[in-house]
Amino acid sequence: QAAEIHRKPSLLALPGPLVKSGETVTLQCSSDTVFEHFFLQSEVTFKKSLHLVGELHGGGSQANYSMGPTTSALAGTYRCYGSVTHSPYVLSASSDPLDIVITGKYEKPSLSAQPGPTVQAGENVTLSCSSRRSFDMYHLSREGETHELRLPAVPNVNGTFQANFPLGPVTHGGTYRCFASFRTAPYEWSVPSDPLPVSVTGNPSSSWPSPTEPNSKTSNPGHLHVLIGTSVVMILFTIFFFLLHRWCSNKKNAAVMDQEPAGDRTVNREDSEEQDPQEVTYAQLDHCVLTQGKITRPSQRPKTPPTDTSVYTDLPNAESRSKVVFYP
C-alpha cells in the first residue's frame, strides 16, 4: 500500500493515555481532510490494521474506537492512517505515535521537592521520585499535560531506588505525580504517587512585591495616587523656592550696587550741592525682606578747606551732628 499521499491525521486517547487497569479508553482518529476510512494499527494489540469507518465532523472526519476493560494486553503504541473511497489502498501519512499505558500494577513511589514545594520564581527546583522496590524507570507527569519525563532509577545509599528530575528555574506552579516501571514491561506502570503541588511566588525580574498581590501596599490604587500627588507637590514647591531664591539674590545684588560709596562715582558740583544732606532716612520695600534704617553717606567734600570764604553753622540733631556749608 502506498502512503504519505495525504496529510497525517491526529490520534487522541479519551480521557487520557494513562488508563487504570480495568477501565475503558477511547481512541479517536481525526483529520481536517474528509477520509471515508481510517486504519488503526498496533504492533502488540492487532495482528493487522483495524479498519474504522470515517464520519463527517466539522468540515473534516473522525472515527472512534473504544477498548475496555483494559488489561496489559491492550497496552502499547498506536498509530492511525486515513484513506478515501476512490483510492482505498492509498494511505495518508501516519499519525504521531500514541502510547497507551496501564497504571496501577505496582505499589506507588514517593515524590518530594527540593528545596521545597513552595519556591520563589526563578529558583531551581528538583523533584525526587523514590521507592524501596528496585524499579528500573521513573516517569514524572504534570497535571494538564500529555507528555511526561522519564529517568532511570539509581540505587541510593539509604536502600531506595531514586530518580531526580531537575525542573530548573521555575516560573509557574503545577501539580506533579510520578510512576515507576520495569524494563521488561514498559507500558505497565505503578500506582501514581500522591499528588505534589508546587507553588511559585514572587516576580523573577524584581525583588519588590508583585503588583497583583493583595497584601502589597503599592498595589492599592488609593495609596498609589496619594504617593504620586505628594511627590508632585513637593517637586513644585522645590522649584518655586529655588526660583524665589534666585530672584531674591538678584535683588540683593542690585541693592548692594546701589549702596556703593560715592567715591567710586563721578559727581559734579551741582549734584553734590543738591544731595548735600548727610543723613538720609530710607525705607526699602522688597518682596524678600522689608527693612528700614539710616544710611549716612560719606562726605563728598574734599578734606582740604576751600579757598573761598565760607560760613559754617552748626545745626542741632538728636542723633548726630552735621554741618551745612554756605558758599557766597
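A brief structural summary. (Residues numbered from 1 in each chain as written. Predicted model: local features only at pLDDT ≥ 70, side-chain atom pairs only at ≥ 80, totals over all residues. Heavy atoms only, no water.)

Here a disulfide denotes one covalent bond, and it connects the sulfur atoms of two cysteines. Throughout the structure, instances matching the rule amount to 2 disulfides. Disulfide partner of Cys129: Cys178, at an S-S distance of 2.0 Å. Between Cys129 and Cys178 the disulfide shows an S-S torsion of about 70 degrees. By sign, it is right-handed. One end of the pair, Cys129, is in strand β12 (residues 124-131); the other, Cys178, is in strand β17 (residues 174-181), and 49 residues separate them in sequence. The exposure class of Cys178 is buried, given its relative accessible area of 0%. (Disulfide = S-S within 2.5 Å. Helix = DSSP H or I, 4+ residues; strand = E, 2+ residues; numbered from the N terminus. Buried < 20%, exposed > 50% of the residue type's maximum accessible area, 1.4 Å probe, protein only.)

The next point concerns the packing of aromatic side chains. Overall, the coordinates contain 6 aromatic pairs when judged by the stated rule. Between Phe35 and Phe38, the aromatic rings sit 5.8 Å apart at their centres with planes inclined by 80 degrees, giving edge-to-face as the arrangement. Assessed through its relative accessible area of 0%, Phe38 is described here as buried. Taking the centre distance of 5.3 Å and the plane angle of 45 degrees together, the rings of Phe179 and Trp189 count as tilted. Remark: Trp189 occurs in the loop between β17 and β18 (196-201) and Phe179 occurs in strand β17; sequence separation between them is 10 residues. According to the relative accessible area criterion, Trp189 is buried, its value standing at 2%. (Phe/Tyr/Trp six-rings, centres within 6.5 Å; stacked < 30°, edge-to-face > 60°.)

Attention now goes to the sheet that holds strand β1 (residues 10-14). Judged by pairing direction, the sheet is antiparallel, and its 4 strands sit side by side in the order β1-β3-β7-β6 without closing on themselves. Each edge of the sheet is formed by a strand with only one pairing partner; in this case those strands are β1 and β6 (55-57). The sheet shows a mean angle of 35 degrees between the axes of neighbouring strands, direction not considered. When β6 meets strand β7 (residues 60-67), the two strands line up antiparallel, connected through 3 bridges. Residue pairing for β7: Glu55 is matched across the bridge by Gln62. (Pairing = 2+ DSSP bridges. Axes fitted to C-alpha atoms, helices over the stretch in contact; angles between N-to-C directions.)

Pairing within the open sheet is antiparallel, and its 4 strands lie in the order β10-β12-β16-β15. Every interior strand has two partners, whereas the edge strands, β10 (110-114) and β15 (154-155), have only one. Pairing between β10 and β12: 5 bridges, direction antiparallel. In the strand pairing of β12, Gln114 is matched with Thr126.

Strand residues, when the strand is regular, have side chains that alternate between the two faces of the sheet. Of all 6 residues in strand β9 (residues 98-103), 5 are buried; the element is thus mostly enclosed. Two strands pair when backbone bridges link them, and strand β8 (residues 76-83) and β9 are joined in this way by 3 bridges, in the antiparallel orientation. Within the sheet, the bridge partner assigned to Thr77 lies in β9 and is Asp99.

Of all 7 residues in strand β3 (residues 25-31), 7 are buried, a share of seventy percent or more. Side chains of β3 alternate between two faces, with Val25, Leu27, Cys29 and Ser31 and Thr26, Gln28 and Ser30 buried alike. As judged from the 5 bridges shared by β1 and β3, these two strands associate in the antiparallel manner. Each bridged residue has a counterpart across the sheet, and for Leu14 the counterpart in β3 is Thr26. Of the pairings in the sheet, the one linking β3 to β7 comprises 7 bridges and is antiparallel in character. Paired with Ser31 across the strands is Ser61, a residue of β7.

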